[in-house]
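Breakdown of the fold
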Amino acid sequence: MAHITIQKRPHNEAVVTQRKFFKKTARGKVIKIIRERYLRDDIYCGIIGCRLCTDGTTAVLPASGDTTHRDFPSGHYILPDTNIFLTQMDLFESTQFTFPIILLQTVMEEVRHRSLPLYNRLKALVKSDDKQVWVFYNEFRHETAIIREENESPNDRNDRSIREGAKWYNSHVQLARPPIRGQKPPKAPEVVLLTEDAGNREKALSANIPCMSIRKYVEGTKNPAQLLDLLAAVGSEEIEPTKATGARTVLYAEHLPNTALLAGVNAGQLHQGHFNANPYNYLEGTVPVPAFAKPVLLVGRENMNRAVHGDIVAVEVFPESEWKSPGDEVVDAESTLKNDDVESGDEIDENDTLVQARESRVTRESAQTPVEKQPTGRVVGIIKRNWRAYVCHIDASSLTSASTSSLSLQTIFASPVSRLLPRIRIRTRQAPSLVGQKILVAPDRWDRTSRYPDGHFVRALGKVESKEAEQESLLLEFDVPYRPFGKAILDCLPVEGDAWIVPPKSDGGPVWRDREDLRDLIVCSIDPPGCQDIDDALHARQLPNGNIEAGVHIADVSHFVHPDTPMDTEAASRGTTVYLADKRVDMLPSLLGTNLCSLRAGVERLAFSVIWELTEDANIVNVRFTKSVISSKAAFEYSEAQMRLDDSTLNDPLTVSIRLLNSLAKKLKAKRMAAGALDLASPEVRINLASPESSDPLVAPSMPLDPSDPEGKEKGETIGVMQKALLAANSLVEEFMLLANISVAMRINEAFPQTAVLRRHMAPPKTNFEKLQNMLMKRKGFTLDVSDSGALAASLDKCVDLETPAFNTLVRIMATRCMTSAEYFCAGSVSRDTFRHYGLASPIYTHFTSPIRRYADVLAHRQLAASIAHTPLHPSLHSKAHVERIMDVLNRRHRMAQMAGRASVEFYVGLALRERGEMVAKTGKVEGVVEEAFVIRTFRNGLGVFVFELGLEGLVMFKQDVRFDAENYTVTLPSQTGGGEVTIALFDKVKVRIDVEKDKNTQRGRVKMTLVSPVDSSAL
């Protein structure tokens, strides 16, 4: 019998092996928690070949460290503290930064507590194949574990823990290289503590721990110039201040500390909300807050107090006597501030005086506007910055030296692509080589004495207008994850790859368990042209009792994507597939999205089916849900399905099924509309790349402009822009997808009332429509009733101008912009009376029908499968907190994907405009493209117009004074003929000339519009 020895821990060690902390409960009670900590002496150091450690198979740190640094010729490793990772993550992620890193457990945990996004980036850094990062669990190693001393702050305790870790590593490396008799003692690599805390550095150096600041470390590297540009501007005392940050006049009020902000919000003295910059006037912004029906207006640079679009801010609302109205003038930051000196000092120059005079005038005029005033206030603090890396252009006019051979440190302006953001001041040695390129810049701070935030250069994306740079910049601008799928994710795919097939039913097995065989049904799919990720298919057939069976069959993605796997985690992070004009960024690997899950014609596929029995009047008799196997009989494009609907000579089973579906769809839509559903509109155009049918990039296939090149082959890549055609087949598919989503929502909410994944569209505040109501009444005499969705739908139907058929669509587009956005939510997180989807007039709704491209649908599939007892629900979907966190991510990803898609279309419309303009110029006609447009906004110095055919919105600006009537939405201009005047009003149809011009300093392209009719505004 084996001898067992029980060793008890000495009582005096308990203080080291126990971790004590205090926690506040939901009811406000403070409790003390003690957790046992088991200390060990066999935690590996991570250095390859270490003779003192065992089990070093996973070591990543080279035996000699890095020997390229000027100050450490014998080799070194770096050990950064927490603040270094919090402020300099761009440096560590750079491909040029390849030094071996020791990451202490103390640092990693502190980063997690301080910033979850940075913690996720840090975890990705650890897993990266091209980095040498070793996580050392110092809190569990006997020699490095420490306890917090009496009267020691948590921050000081962590700093001491980091120093202890660095000290142990240095002695450990020395002990691993014992001296050999008769030889000089070997020089061991050093472990260098990197910290910006001067006090921490002093204590480390007194303990003989190699230590330096991050800037000093980077300056000693082999090629420091590019790495120095990556350093964030965090106020290090080692950086010589520029004139702009020197002894300069204070421009802004100091932000209140977070504790004061939260106390003020809780007391009702301050209000919290997201800051929204005004796209027409850089001196105005708004913050929607629950306490007021209208958003709080911020007028002037001082009252916006360094808030950036998207920041969560705290605002103080002024007394009602000081409330103002939004300005009625377009104030463009680019033209107003173009002469600003990036290094401007304390003295006020002539340009500063002019800028201040104009800003003061605009601020005064906003108080005199005869429009109804709204709550007005000022930002008193930033609760949470929304800063990230932004795509920018270098302003060439801010360079002090344009010589490409110059490596002098220059302070320059970087102009973000988004016009909602301020220019960012950066310091770089690469300035001349970055002109004409798109670059990534991260803001770091915004001082009270500075008109602009300071930031740092991250990396160059490529030459302006190159396809690769434009694609990547668009993805980065809208924070779209586009990295290739990693090995761990691809390992989750079926091992058979493309050869995977549905196994024969006779074999049994898990695939066929509780799965219906629907392969004999006449099922087909109807999708846009070129669709490869086919999520859905449909069928309909007459039943013997006179009713109709209709089915929606959705790709069974959840069969392949299992919870808590690398592929599931990545899909949850991406949230949605992003569709751009020229590419698709998939949520799932293409093997699933375009092959194994795609319901292609003639191939057996796994599906999740919703099958209804309906009466002839489209009333639901019953509905059932089942996992199934289908074999689609055809994959139609919308136009092909429409042809079968219209061709009376076709009576094959597929056509009969489509017609049956269409007759039901019409009745389903009529029921929705009767219930108050809205038929809204958005400006949608289709981009047709490399279209051989037409050499004119702005028309649908027609006669080419150049008879010598009938196919446009000599023009390079041709870009066709055309309005999306909506056919009856589109509506057919839409109605049955809506019906499936509603049916599934009811089922999963019944089964999981606390965690069901649902989608809602909140009724918009009636104040959102006030301006549109006033516009329609004054200009067209129409009344817009917004008492409920049904009344709004009826009013929109009456907004018809017989002479202008497109007017009704324009009004619907403008009404859509007054709406709130639909959002995903967890059923148990909101009250039942807020579940309603306003736009669809449905009491409950979810997304179920597109699991290949939306992660919310995957979750709905899992909940539905559990509700029919097919698959147990994963524990994470029983957690309300977990579902809430996922919903927040999905809402953000969904919003950014929509914006990226629109921006991609706008980019190609711009390319098409430039191409068309060049072609027209060759013919000797007036330069530019002339199109019809509607006036949708009037300003004191311009018009907002909407070009219907291109889905493009733009500004027509007037440099001369014009007569502006804000109450009646008119602008009166001098006529070029006869010396009279011409009045242009809201909703008028005009003709505009569209040019794409490039800023000579930033190389940023922008669309410029000029009135052609009824007045030529080029002279104005």
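Bear in mind that the values here come from a model prediction, so they are computed numbers and not experimental data. (Residues numbered from 1 in each chain as written. Predicted model: local features only at pLDDT ≥ 70, side-chain atom pairs only at ≥ 80, totals over all residues. Heavy atoms only, no water.)

Observations regarding the environment of Lys-338
Tracing the backbone shows Lys-338 in the loop between helix H12 (333-336) and helix H13 (350-368). Judged by relative accessible area, Lys-338 falls into the exposed class, the value being 52%. The spacing of Lys-338 and Asp-395 is 57 residues in sequence and 9.5 Å in space, taken between C-alpha atoms. Once residues lying within four places of it in the same chain are set aside, the contact partners of Lys-338 are Ala-333 and Arg-423. (Helix = DSSP H or I, 4+ residues; strand = E, 2+ residues; numbered from the N terminus. Buried < 20%, exposed > 50% of the residue type's maximum accessible area, 1.4 Å probe, protein only. Contact = heavy atoms within 4.5 Å.)

Some points on the pattern of salt bridges
Applying the stated rule across the entire model yields 45 salt bridges. A salt bridge links Arg-157 to Glu-139; its shortest N-O distance comes to 2.9 Å. With Arg-157 in helix H6 (residues 154-175) and Glu-139 in the loop between strand E5 (133-136) and H6, this residue pair connects regions lying 18 residues apart in the sequence. On the basis of relative accessibility, which here comes to 1%, the residue Glu-139 falls in the buried class. Across the pair Asp-556 and Arg-515 runs a salt bridge, and its minimum N-O distance is 2.9 Å. (Salt bridge = Lys/Arg side-chain N within 4 Å of Asp/Glu carboxyl O.)

Some points on the pairing of strand E21 (residues 536-542)
Of all the seven residues making up E21, five are buried; the element is thus mostly covered by neighbouring parts of the structure. Pairing between E21 and strand E22 (residues 548-555): seven bridges, direction antiparallel. Its bridge partner lying in E22, Arg-541 is registered against Glu-549. Linking E21 back to E22 in an antiparallel pair, the connection comprises five residues, with Gly-546 at a positive phi of about 95°. (Pairing = 2+ DSSP bridges.)

Some points on helix H22 (residues 770-780)
Within H22, burial applies to Leu-772, Met-775 and Leu-776. Within H22, the buried residues cover an arc of 95° as seen down the axis, which keeps them to one side. Buried residues belonging to H22 abut helix H24 (806-816) and strand E32 (929-939). Positive backbone phi, approximately 80°, marks Gly-781, located one or two places after H22. (Arc of directions from axis to C-beta.)

Topic: the nonpolar core
Counting residues in hydrophobic clusters, the biggest one holds 57 residues, and the most contacted among them are Leu-79, Phe-85, Phe-97, Ile-102 and Tyr-169. Among the elements that line this core, the one with the most residues is H6, at five residues. Leu-79 has contacts with Ile-102, Leu-104, Ile-162, Gly-165, Ala-166, Tyr-169, Val-191, Val-192, Leu-193 and Leu-194, leaving out every residue within four places of it along the chain. (Core = buried A, V, L, I, M, F, W, Y, C linked by side-chain atoms within 4.5 Å.)

Quick notes on the sheet that holds strand E8 (residues 271-274)
Across a sheet, paired strands are connected by hydrogen bonds in the backbone, their directions being either parallel or antiparallel. Overall, antiparallel pairing links the three strands, which are arranged E8-E12-E13 in an open sheet. Every other strand in the sheet has two partners, leaving E8 and strand E13 (377-384) as the edge strands with one partner each. Between one strand axis and the next, the sheet turns by 35° as a mean value, whatever way the strands run. Relative to E13, strand E12 (residues 312-317) is paired through six bridges, and the arrangement is antiparallel. Note that in E13 the partner of Ile-312 across the bridge is Lys-384. (Axes fitted to C-alpha atoms, helices over the stretch in contact; angles between N-to-C directions.)

Some details on the sheet that holds strand E15 (residues 410-416)
With respect to topology, five strands assemble into a closed barrel ordered E14-E15-E16-E18-E17, the strand pairing being mixed. For this sheet the average axis-to-axis angle between neighbouring strands, irrespective of direction, equals 50°. Taken together, the eight bridges between strand E17 (residues 437-445) and strand E18 (residues 454-463) define a ladder with antiparallel strand orientation. Within E18, the position partnered with Lys-438 by the bridge is Gly-462. Helix H15 (residues 467-477) rests against strand E14 (390-394), E17 and E18 of the sheet, and its axis sits at about 145° to E18.

Brief notes about the packing of aromatic side chains
This structure, assessed with the given rule, holds 20 aromatic pairs. Aromatic pair Tyr-252 and Trp-446: ring centres 6.0 Å apart, planes at 80°, arrangement edge-to-face. Taken together, the positions of Tyr-252 in the loop between helix H9 (224-229) and helix H10 (258-267) and Trp-446 in the loop between E17 and E18 put the pair 194 residues apart, joining distant regions of the chain. For the pair formed by Tyr-252 and Trp-446, the shared burial category is buried. Taking the centre distance of 5.8 Å and the plane angle of 75° together, the rings of Phe-608 and Phe-848 count as edge-to-face. Within this pair, whereas Phe-608 is found in strand E25 (residues 604-614), its partner Phe-848 is found in the loop between strand E31 (823-826) and helix H25 (855-867), the two being separated by 240 residues in sequence. Above the face of the Phe-413 ring, Arg-423 is positioned so that its terminal group lies 4.2 Å from the ring centre. Positioned above the aromatic ring of Phe-485, the side-chain terminus of Arg-574 is 4.1 Å from the ring centre. (Phe/Tyr/Trp six-rings, centres within 6.5 Å; stacked < 30°, edge-to-face > 60°. Lys NZ or Arg CZ within 6 Å of the ring centre and 35° of its normal.)

As for the state of the cysteines
Covalent bonding between the sulfur atoms of two cysteines is what defines a disulfide. Applying the stated criterion across every chain, the model contains zero disulfides. Of all cysteine sulfurs in the structure, the one in Cys-45 sits closest to Cys-50, which takes part in no disulfide; the separation is 3.7 Å. Summary of cysteine pairing: Cys-53 is not part of a disulfide, and the nearest cysteine sulfur, belonging to Cys-45, is at 3.7 Å. For Cys-53, a relative accessible area of 14% translates into the label buried. (Disulfide = S-S within 2.5 Å.)

Regarding the confidence of the model for the chain
Within the chain, residue pLDDT values average 86, and 87% of them lie at 70 or more. This stretch, residues 236-246, has a pLDDT under 50; its non-local contacts, to residues over four places away or in other chains, come to 25 contacts. A low-confidence stretch, residues 691-717 stays under pLDDT 50, and its non-local contacts, those more than four residues away or across chains, total 46 contacts. (pLDDT = per-residue confidence, 0-100.)

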